[in-house]
Amino acid sequence: MDKFDVTALGELLIDFTENGVSGQGNPLFEANPGGAPCNVLAMLAKLGHKTAFIGKVGNDFFGTQLKEAIDGVGICSDYLYRDKEIHTTLAMVHTFPDGDRDFSFYRNPGADMMLTEEEIPEELIRNSRIFHFGTLSMTHEGVRKATKKAIRAAEESGALISFDPNLRFPLWKSQEEAREQVLYGLGHCHILKISDNEIQWLTGKDDYTEGVDWIRERYHIPLILVSMGKEGSRAYYKGKMAEAAPFLREDTVETTGAGDTFCGCVLHYLLEHDIDSLEEEGLRDMLLFANCAASLVTTRKGALRVMPSKEEVEANRK
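Parameters at a glance
Residues numbered from 1 in each chain as written. Predicted model: local features only at pLDDT ≥ 70, side-chain atom pairs only at ≥ 80, totals over all residues. Heavy atoms only, no water. Helix = DSSP H or I, 4+ residues; strand = E, 2+ residues; numbered from the N terminus. Rg over C-alpha atoms; globule rule 2.2 N^0.38 Å. Buried < 20%, exposed > 50% of the residue type's maximum accessible area, 1.4 Å probe, protein only. Contact = heavy atoms within 4.5 Å. Areas by Shrake-Rupley, 256 points an atom, 1.4 Å probe, with all protein chains shown as cover. Disulfide = S-S within 2.5 Å. Core = buried A, V, L, I, M, F, W, Y, C linked by side-chain atoms within 4.5 Å. Axes fitted to C-alpha atoms, helices over the stretch in contact; angles between N-to-C directions. Left-handed = near helix turned anticlockwise from the far one by under 90°. Phe/Tyr/Trp six-rings, centres within 6.5 Å; stacked < 30°, edge-to-face > 60°. Lys NZ or Arg CZ within 6 Å of the ring centre and 35° of its normal. Expected span 1.5 Å × (residues − 1). Patch = residues over 30% accessible without salt bridge, like charges linked within 9 Å, V, L, I, M, F, W, Y side chains within 5 Å. Salt bridge = Lys/Arg side-chain N within 4 Å of Asp/Glu carboxyl O. Lys, Arg positive; Asp, Glu negative; His and termini not counted. Charge placed at Lys NZ, Arg CZ, Asp CG, Glu CD. Polar contact = N/O pair within 3.5 Å; in protein donor to acceptor, adjacent residues only side chain to side chain. Pairing = 2+ DSSP bridges.

### Some details on the overall build of the chain
A count of helices and strands for the chain gives 10 helices and 13 strands. Here the C-alpha atoms of the chain give a radius of gyration of 18 Å, agreeing with the 20 Å that 2.2 N^0.38 yields for 318 residues. Taken along its principal axes, the extent of the C-alpha atoms in the chain is 55 × 45 × 40 Å. Out of the 318 residues in the chain, the part that is buried amounts to 58%. In the chain, 70% of the contacts between residues at least 6 apart in sequence involve partners at least 24 apart. Carbon and sulfur atoms make up 46% of the accessible area of the chain, which totals about 13,500 Å².

### Some thoughts on the state of the cysteines
The tally for this structure, following the rule as stated, stands at 0 disulfides. With no disulfide of its own, C76 lies closest to C38 among cysteine sulfurs, the gap being 11 Å. By relative accessible area, C76 is classed as buried at 16%. Distance from the sulfur of C263, which forms no disulfide, to the nearest cysteine sulfur (C265) is 9.3 Å.

### A look at the nonpolar core
Counting residues in hydrophobic clusters, the biggest one holds 54 residues, and the most contacted among them are L12, L223, L225 and L270. Counting residues per element, this core draws most heavily on helix α9 (residues 280–297), at 10 residues. Listed in part, the 42 residues of the second largest apolar core include L115, F133, L202 and M228.

### Describing the packing of helix α8 (residues 258–272) against α9
At their nearest, the axes of α8 and α9 sit 8 Å apart, and the two run at 145° to each other. For the crossing formed where α8 meets α9, the hand is right-handed. Residues A258, T261, F262, C265, V266 and Y269 of α8 form the contact with α9, whose own contacting residues are G282, L283, M286, L287, F289, A290, N291, A293, A294 and V297.

### As for the packing of aromatic side chains
Each aromatic ring pair is characterised by the separation of its centres together with the angle its planes make. What the rule picks out here adds up to 6 aromatic pairs. The interplanar angle of 65° and the centroid separation of 5.4 Å between the aromatic rings of F61 and F62 together place this pair among those described as edge-to-face. Look at F61 and you get exposed, because its relative accessible area is 61%. By relative accessible area, F62 is classed as partly exposed at 22%. Taken together, F16, F61 and F62 form an aromatic cluster joined through their ring pairs. The side chain of K148 reaches across the aromatic face of Y184, ending 4.1 Å from its centre.

### Remarks on helix α2 (residues 61–72)
Given a rise of 1.5 Å per residue, 12 residues ought to cover 16 Å, and the 16 Å separating the end C-alpha atoms of α2 matches this to within 8%. Lining the buried residues of α2 we find β2 (13–21), β3 (27–34), α1 (36–46), β4 (51–58) and β5 (75–83). Just beyond α2, the residue with positive phi is G74, at close to 95°.

### Topic: a negative patch on the surface
A contiguous patch of negative charge, built from D206, D207, E210 and D213, is present on the exposed surface. Looking at the secondary structure, you find E210 in helix α7 (residues 208–218). For E210, a relative accessible area of 43% gives the class partly exposed.

### Some thoughts on the side chain of K56
On the secondary structure map, K56 appears in strand β4. Separated by 3.0 Å, the side chains of K56 and E119 make a polar contact. Excluding residues that lie within four positions of it along the chain, K56 makes contacts with L12, L80, Y81, R82, D83, A111, D112, M114, L115 and E119.

### Notes on the environment of L167
Locating L167 in the fold gives a position in the loop between β9 (160–163) and α5 (175–186). The spacing of L167 and E311 is 144 residues in sequence and 31 Å in space, taken between C-alpha atoms. Excluding its chain neighbours within four sequence positions, the residues that come into contact with L167 are T135, W172, A178, V182, E198 and W201.

### So, the sheet that holds strand β12 (residues 233–237)
Taken together, the 9 strands give an open sheet; going across it, the order is β5-β4-β1-β8-β9-β10-β11-β12-β13, and neighbouring strands pair in mixed fashion. Looking at strand neighbours, the two that pair on one side only are β5 and β13 (240–244), the edges of this open sheet. Averaged over all pairs of adjacent strands, the angle between strand axes in this sheet comes to 20°, irrespective of strand direction. Where strand β1 (residues 4–9) and strand β8 (residues 128–133) come together, 4 bridges link them in parallel fashion. By the bridge assignment, F4 is partnered in β8 with S128. Across the sheet, helix α6 (residues 196–203) is in contact with β10 (191–195) and β11 (223–227); its angle to β10 comes to roughly 95°. Across the sheet, α7 is in contact with β10, β11, β12 and β13; its angle to β12 comes to roughly 35°.

This is the structure we're talking about:
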């Protein structure tokens, strides 16, 4: 089997994003391919890495659109399954004036929830340098078992494991169940990417460094990244912290996929540097590149198909 740089597991869905108003005054929506794990892979593929996705969509029009989308950006779709009975998951994305957004999901059930343990390609994961996952594939028992089987395969192979909680509370039965699965993820990763509001919710600490200390007291995670939106980002590594300012843009239209773009850039850096010997200056440079890439995505509708190139990011950093 071929070697892959990064394999990700999780949701692949349609994000219906607002795109103007019809002549009758009704909101118009654009059907953008989305889903955090594939957004991360799309950024990595744009930076020249070999990526593969494990997930499930419906055997419907949207499922076909999504397969074509990930094929189009260079993500291996050999392990994208089609469910003959359950439709592709949909999300309606409402965008606020500042570019932030709110989600409404059509997923009761959705095809991404139908992935089974038997469908996990363990050989693919064993032939990957990094395995990446989130919590949308842990909201229901069947797909949760599939995710945990994939994590075990990654651990057995010695792959680096990357985790982004990417919490969407409407999809959980309770916040307690969400917390339990997030804590499972913390216990099984080497790289944690967590947002400002997620770390405050999880740890009860308003200060991000105190939140990281809370996590570190309980779990050994070599690299913890905190994305802070308009405040920039931080990397916590071996008792040190690197911080980088954001690239704020007046032409921001929506923030969908910004955190995934950031995460993809971090994994790009780790594919080129040994996680056991990272330097503070290099971490800061990594954060600046990731922040800049994320800011570019906020100027575009959707994320998966519109990731910036390395040249675009470097040009906009100046």
